[in-house]
Amino acid sequence: MASGEEVHAIGIDLGTTYSCVAVWQHDHAEVIVNDQGNRTTPSQVAFTDTETFVGDAAFNQIIRNPTNSIFDAKRLIGRRFSDASVQSDIKLWPFKVIEGPDDKPMIVVTHMGQEKQYSAEDISSMVLLKMREIAEAYVGSTVKNAVITVPAYFSDSQRYATKNAAITAGLKVMLMINEPTAAAIAYGLDKKASWYRKRTVMMFDFGGGTLDVSLLTISGGIFQVNATAGDSHLGGEDIDSQMVKHCVEHFKRKHNLDIDGNPKALGKLKSACEKAKRRLSFSFSTDVEIDCLYQNTDFYITFTRAKFEEINKDFFNQCMVPVEKCLKDAKMDKGSVDDVVLVGGSSRIPKVQQLLQNVFEGKELCKGINPDEAIAQGAAIQAAVLSGNGNGKLQDCSLLDVTPFSLGVETGREREMTVVIPRNSSIPIRRNYTVTTRHDNQAVVKFAVYEGESKTTVNNYFLGDFRLQDIPPAPKGVPKFNICFDIDASGILNVSAEDMLTGQKKGITFTNDRNSDGIERVMLLM
């Protein structure tokens, strides 16, 4: 229904462990319950001999089908198989991940009696399609338009892979916004009594797979991000894994049985540890008890909150590093922050809250918004603004976000990185930089694009490269090439270079067209 597509624009929080969808209706952002009556949906996909399950149905059968039940796809999306974080995660997952074309991680499952391979984008697109179907069942019409959220510290390739997954799910991506920024929109609108009083707000977004910290100024309906910092591979899943490791060692010491490498036993432990972690947020001890965990041997252990905090001490301390970095980048002191807002399920952990309060010298933390739902609500608000379906409450709401990483090109003989766009630059943004040749009569110039904060490209993340060819002969230093970096409102990067003498222009970008390998980088002849 065409009118339905125009009227209903949704916001989707595609989470590592759980996803959430919301829509602006009746003057507020309404979180939509799924077919099981739950307000969040597991970001899981399971394959069996007869069908494919997504969401709660996948979650409910994971213990009996661990090797074909896929979770944590967000931790793979847009990454390379050779990345250290991917190699670390593979050891903990019950499902199989192999190296695909171009160093792309591929998930191997058995589906309908056949071995099949899926990328992280494929899995994420199935979850996004489920969220779209949940929304369509609620509004009673087709839904196409959506604002999708991503972790603030997602790289360019991770952002584009997420966008590609949404397109595969049949969604038109109106905008991709950073998760803490979306939560700030929900928080700012909720605090509309102070809408016209300037407030500096720190969003501490600690979810299942990522940690993002953003410092924003909210005033007159304008959400200005001053700085962002974080860790794209630190979340509740890491805490669960640490608890599982502790349990595996305990079981081995007590029974001389090693369950490491047994998918079914590890799956049972993971599920039990996640539940124990949640209980420890409101109680001081909890038991983990599993009948016949391995070789008809029962498992039992008691986790006290003190023990839980001890085995995860390094993770909790690591959470405070981006907080300090964010304040430093924004050139603000702790006293200038009016509100510290908790977002993401892992922000409920008492030790995390205690450390955060210590940083801000006892300041009361803001817990008034639901940490599981705020991101989807903020995305729904932004979707309503972009589609023109808001009301007077939303008409003046505008968003000014920043880029999380420095972006630049490799220059010089020592593999130096020349920064064209510094991190925490407001987006959208377009910046130019002029380079020249290093050799006499140089006929080809290569432009290698990187993101990161190191002065050398060796320690930064390679995004891609392209070349200008058939350059007219000239002494070194004479030809001039104008490089243009262009980041759109979704944080996606396009880079081009032009020979200022001949007008020849080429660039690197992403294409929305899918092929057998998923996302494709292409050279564009302008």
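Report follows, based on the coordinates. From a predicted model like this one, the values you see are computed outputs, not experimental measurements. (Residues numbered from 1 in each chain as written. Predicted model: local features only at pLDDT ≥ 70, side-chain atom pairs only at ≥ 80, totals over all residues. Heavy atoms only, no water.)

**Considering the overall build of the protein**
Reasoning step 1: When its secondary structure is counted, the protein shows 12 helices and 29 strands.
Reasoning step 2: A compact globule built from 526 residues would reach a C-alpha radius of gyration of about 24 Å, and the protein, at 24 Å, matches this within 12%.
Reasoning step 3: Over its C-alpha atoms, taken along the principal directions, the protein stretches across nearly 80 × 55 × 55 Å.
Reasoning step 4: The buried share of the protein, reckoned over its 526 residues, is 57%.
Reasoning step 5: In the protein, 65% of the contacts between residues at least 6 apart in sequence involve partners at least 24 apart. (Helix = DSSP H or I, 4+ residues; strand = E, 2+ residues; numbered from the N terminus. Rg over C-alpha atoms; globule rule 2.2 N^0.38 Å. Buried < 20%, exposed > 50% of the residue type's maximum accessible area, 1.4 Å probe, protein only. Contact = heavy atoms within 4.5 Å.)

**Examining the nonpolar core**
Reasoning step 1: M202, F204, L269, F299, L356 and F360 are the most contacted members of the largest nonpolar core, which totals 50 residues.
Reasoning step 2: The element best represented in this core is helix α10 (residues 313-329), accounting for 7 residues.
Reasoning step 3: Setting aside chain neighbours within four positions, we find F204 in contact with L211, D212, V213, C319, M320, V323, V341, L342, V343, S347, V352 and L356.
Reasoning step 4: Counting 46 residues, the second largest nonpolar core, distinct from the first, contains I32, V86, I107 and A161. (Core = buried A, V, L, I, M, F, W, Y, C linked by side-chain atoms within 4.5 Å.)

**What to know about the sheet that holds strand β14 (residues 211-219)**
Reasoning step 1: Strand order in the open sheet formed by 6 strands is β18-β13-β14-β15-β19-β22, with mixed pairing between adjacent strands. The sheet terminates laterally at β18 (339-343) and β22 (426-427), the two strands that pair on one side only.
Reasoning step 2: With 2 bridges connecting them, strand β19 (residues 398-402) and β22 associate as antiparallel partners. Paired with D401 across the bridge in β22 is I427. (Pairing = 2+ DSSP bridges.)

**What to know about the packing of helix α4 (residues 120-139) against helix α5 (residues 156-168)**
Reasoning step 1: Where α4 meets α5, the closest approach of the two axes is 8 Å, and the angle between their N-to-C directions is 50 degrees. Considering their axes alone, α4 and α5 lie oblique with respect to each other. Crossing handedness for the pair α4 and α5: right-handed. On α5, the residues touching E121, S124, S125 and L128 of α4 are A161, T162, A165, A166 and T168. (Axes fitted to C-alpha atoms, helices over the stretch in contact; angles between N-to-C directions. Parallel < 35°, antiparallel > 145°, perpendicular 65-115°, else oblique. Left-handed = near helix turned anticlockwise from the far one by under 90°.)

**Considering the packing of aromatic side chains**
Reasoning step 1: In the structure shown here, the tally under the stated rule is 10 aromatic pairs.
Reasoning step 2: Seen from their ring centres, F71 and F95 are 5.3 Å apart, and the 85 degrees between their planes marks the pair as edge-to-face. Taken together, the positions of F71 in the loop between β7 (69-70) and α3 (84-90) and F95 in the loop between α3 and β8 (96-99) put the pair 24 residues apart, joining distant regions of the chain. The residues F71 and F95 share a single accessibility class, namely buried.
Reasoning step 3: With centroids separated by 5.3 Å and ring planes inclined at 25 degrees, the aromatic side chains of F447 and F466 adopt a geometry described as stacked. On the criterion of sequence distance, the pair formed by F447 in strand β24 (residues 445-451) and F466 in strand β25 (residues 461-468) is long-range, its members being 19 residues apart.
Reasoning step 4: Given a relative accessible area of 3%, F447 falls into the buried group.
Reasoning step 5: Judged by relative accessible area, F466 falls into the buried class, the value being 1%. (Phe/Tyr/Trp six-rings, centres within 6.5 Å; stacked < 30°, edge-to-face > 60°.)

**Here we look at the sheet that holds β7**
Reasoning step 1: Pairing within the open sheet is antiparallel, and its 3 strands lie in the order β6-β5-β7. Both edges of this open sheet fall to β6 (52-54) and β7, since each of them pairs with a single strand only.
Reasoning step 2: Pairing geometry for strand β5 (residues 45-47) and β7, over 2 bridges, is antiparallel. Within β7, the residue paired with V45 across the bridge is I70.
Reasoning step 3: With respect to the sheet, α4 is in contact with β5, β6 and β7, its orientation differing from that of β5 by roughly 110 degrees.

**Concerning the pattern of salt bridges**
Reasoning step 1: Applying the stated rule across the entire model yields 19 salt bridges.
Reasoning step 2: Note that D339 and R199 form a salt bridge whose closest N and O atoms lie 2.7 Å from each other. With D339 in strand β18 and R199 in strand β13 (residues 199-206), this residue pair connects regions lying 140 residues apart in the sequence.
Reasoning step 3: For D339, a relative accessible area of 7% translates into the label buried.
Reasoning step 4: Look at R199 and you get buried, because its relative accessible area is 17%.
Reasoning step 5: Among the salt bridges present, the one from R348 reaches D372, with a minimum N-O distance of 2.8 Å. Residue R348 is found in the loop between β18 and α11 (350-359), and its partner D372 is found in the loop between α11 and α12 (374-387); the two are separated by 24 residues along the sequence.
Reasoning step 6: Classification of D372 by relative accessible area gives partly exposed; the value is 28%.
Reasoning step 7: Residues participating in the shared-partner salt-bridge network are R75, D89 and D238. (Salt bridge = Lys/Arg side-chain N within 4 Å of Asp/Glu carboxyl O.)

**Comments concerning α12**
Reasoning step 1: Along its 14 residues, α12 runs 20 Å from first to last C-alpha, staying within 8% of the 20 Å computed at 1.5 Å per residue.
Reasoning step 2: Burial runs high along α12: 11 of the 14 residues are buried.
Reasoning step 3: Those residues of α12 that fall on the buried side of the exposure criterion are A374, I375, A376, Q377, G378, A379, A380, I381, Q382, A383 and A384.
Reasoning step 4: Looking one or two residues beyond α12, the residue adopting positive phi is G388, at roughly 75 degrees. (Expected span 1.5 Å × (residues − 1).)

**Considering unusual backbone geometry**
Reasoning step 1: Cis geometry marks the peptide bond from I427 to P428, where omega comes out at 5 degrees.
Reasoning step 2: Examined against the element boundaries, P428 turns out to sit in the loop between β22 and β23 (429-436).
Reasoning step 3: With a phi angle near 50 degrees, C292 is a residue other than glycine that sits in the positive phi range.
Reasoning step 4: Structurally, C292 is set in strand β16 (residues 285-294).
Reasoning step 5: For D470, which is not a glycine, the phi torsion comes out positive at approximately 55 degrees.

**Describing the environment of E361**
Reasoning step 1: On the secondary structure map, E361 appears in the loop between α11 and α12.
Reasoning step 2: Taking the C-alpha atoms as reference points, E361 and K334, separated by 27 residues in sequence, lie 8.4 Å from one another.

**Focus on helix α8 (residues 263-279)**
Reasoning step 1: Taking 1.5 Å of rise per residue, 17 residues should cover 24 Å, and α8 covers 24 Å from first to last C-alpha, within 8% of that figure.
Reasoning step 2: Within α8, the full set of buried residues consists of A265, L266, G267, L269, K270, S271, A272, C273, E274, A276 and K277.
Reasoning step 3: On its buried side, α8 packs onto β2 (18-25), α7 (236-255), β16, β17 (297-304) and α9 (305-311).

**Description of the side chain of D238**
Reasoning step 1: Assignment of secondary structure puts D238 in helix α7.
Reasoning step 2: Here the side chain of D238 touches G235 through a polar contact of 2.8 Å, landing on its backbone nitrogen.
Reasoning step 3: Excluding anything up to four places from it in sequence, D238 contacts R75, H233 and F315. (Polar contact = N/O pair within 3.5 Å; in protein donor to acceptor, adjacent residues only side chain to side chain.)

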